[in-house]
Each structure stands twice: as C-alpha cells, then as structure tokens.
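Take a look at the letters that make up each chain.
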Amino acid sequence: DQQVKQNSPSLSVQEGRISILNCDYTNSMFDYFLWYKKYPAEGPTFLISISSIKDKNEDGRFTVFLNKSAKHLSLHIVPSQPGDSAVYFCAASDSNSGYALNFGKGTSLLVTP
Amino acid sequence: KAGVTQTPRYLIKTRGQQVTLSCSPISGHRSVSWYQQTPGQGLQFLFEYFSETQRNKGNFPGRFSGRQFSNSRSEMNVSTLELGDSALYLCASSSGQVGNTEAFFGQGTRLTVV
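**Things to note about the overall build of chain A**
Point 1. A tally of regular secondary structure across chain A gives zero helices and eleven strands.
Point 2. Put simply, chain A runs from its N terminus to its C terminus through helices and strands in the order β-β-β-β-β-β-β-β-β-β-β.
Point 3. The globule rule puts the C-alpha radius of gyration for 113 residues at 13 Å, and the 13 Å found for chain A is close to it.
Point 4. Here the C-alpha coordinates of chain A stretch approximately 45 × 30 × 20 Å along the principal axes.
Point 5. Within chain A, the proportion of its 113 residues that are buried is 49%.

Next comes the structure, spelled out in structure tokens:
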C-alpha cells in the first residue's frame, strides 16, 4: 500500500511564479520528510527536509510546510525557474524503524519561460 | 568529496540469470540503502545496511539480497532474474545516525532483463 501519495502527476508553472507541490501520507509514525528532485537517467538529488517537530523549513527558493494533523506537506518553489523542471519526489521515514524512505510516485514539474 | 558511485551503469541480463550490483557510499557514511524504481511502482525500498548488518528490509522476495563490507561498500544480488526485475536500481548513502535521515543517491544501475 502506498503510504506516501503525490496526487498530481504533473504541474506546469510559468517562470517567476510560485510552484506548489503537494504530498499526503497515511502513516502517523513518519517523523521525517524529504523532497528530492530527479532528472531522467539520474539518481534523485536531495532538496530539503523537515522534521515532525517543525512546521516549516526554508532553504533559499525552497520552503517545505508540514501539517501533521492533516498528514500533508507541500514544497513551495519561489520564484520558479526553467531549470527547476524535473520530477519531484516526496519521501517520509519513521526514524525509529531505521532509514527506509517511503516515496511518493512523483510530480513532474514543467516551468515554462 | 566524492558522491555515491554505482557500477555498472547499465546491464542486460537474460531471464534466469543472476546479477550483482555495486555501490560505494560517500566517505564516512556507514548506511547504504537500495531502492528499485519502475514506471508503475515508483521508488521502492529494498533494504538498508549499517555497519555490515541488514537493519531494515522492504517487501521484496528472497531473490533480492545484499551485503555490506567493512569499508561500507555494498553489493546487491538478484538471483533467478525475471522480466519484471527490469528497473533502475538506486543506492543511497547516509550517515546512519539517529535524527539524520538525509540520503544521497547514486546515478543508479539500469538493469534490463530479456
């Protein structure tokens, strides 16, 4: 069963605007959440993470928001750039159970000029 | 600092054969995890090794196995290959320390079973 869900397979945004990628999870034991960016034929690249003790983490143009009660997190990219076009994966882990990352199926982001 | 290195990058095998994939983690990292990526199932966790011990295992059949050496390098083996094993196999390295689960991925090994 898919414990991490990214319900939007694709998203198209204009350059300079905000990109919002969403992720939902079902396992209340998850306490660490990560976002990865992936280009074809390459491994995922770590972007940003957040611990369940926080509700927001920022790193440059990337901000992740966590709503534990709704079991929902989102990644905001502001401003979006054409180089951000890639597939974005949300991942979650239960740090008490080791380091298995549970991934969503990804959202393909296209940033158009 | 060198990243995660996976070899080989591409592999073609015949059904019934076995295959071994290799992963060298980032220097100083003691945890190595393996993932399978397929178009239908996305990225799925296979297993994680820390200090030569399997610490966590996903829901894959026993044909999938792995090991980790004292230098933290890891190998993954798939026996009796099936067509459905065709996938991108990704290795991830992390410190393995509590509270830090950021994993850094290699470029993957593309396995094609014919």
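**Description of the packing of aromatic side chains**
Point 1. All told, the structure shown has 13 aromatic pairs over all chains when counted by the stated rule.
Point 2. Consider the rings of F46 of chain A and F104 of chain B, whose centres lie 6.0 Å apart with planes at 65°: the pair is edge-to-face. Taken together, the residues F46 of chain A in strand β5 (residues 45-51) and F104 of chain B in strand β10 (residues 104-105) connect one chain to another.
Point 3. Classification of F104 of chain B by relative accessible area gives partly exposed; the value is 33%.
Point 4. By the ring-pair criterion, three or more aromatic residues cluster together here, those being Y36, F46, F89 and F103 of chain A together with Y35, F45, F104 and F105 of chain B.
Point 5. Sitting over the ring of F50 of chain B, R55 of chain B keeps its end group 4.2 Å from the ring centre.

Conventions we followed
- Residues numbered from 1 in each chain as written.
- Chains lettered and ligands numbered in written order.
- Predicted model: local features only at pLDDT ≥ 70, side-chain atom pairs only at ≥ 80, totals over all residues.
- Heavy atoms only, no water.
- Helix = DSSP H or I, 4+ residues; strand = E, 2+ residues; numbered from the N terminus.
- Rg over C-alpha atoms; globule rule 2.2 N^0.38 Å.
- Buried < 20%, exposed > 50% of the residue type's maximum accessible area, 1.4 Å probe, protein only.
- Phe/Tyr/Trp six-rings, centres within 6.5 Å; stacked < 30°, edge-to-face > 60°.
- Lys NZ or Arg CZ within 6 Å of the ring centre and 35° of its normal.

Geometry only, nothing functional implied.
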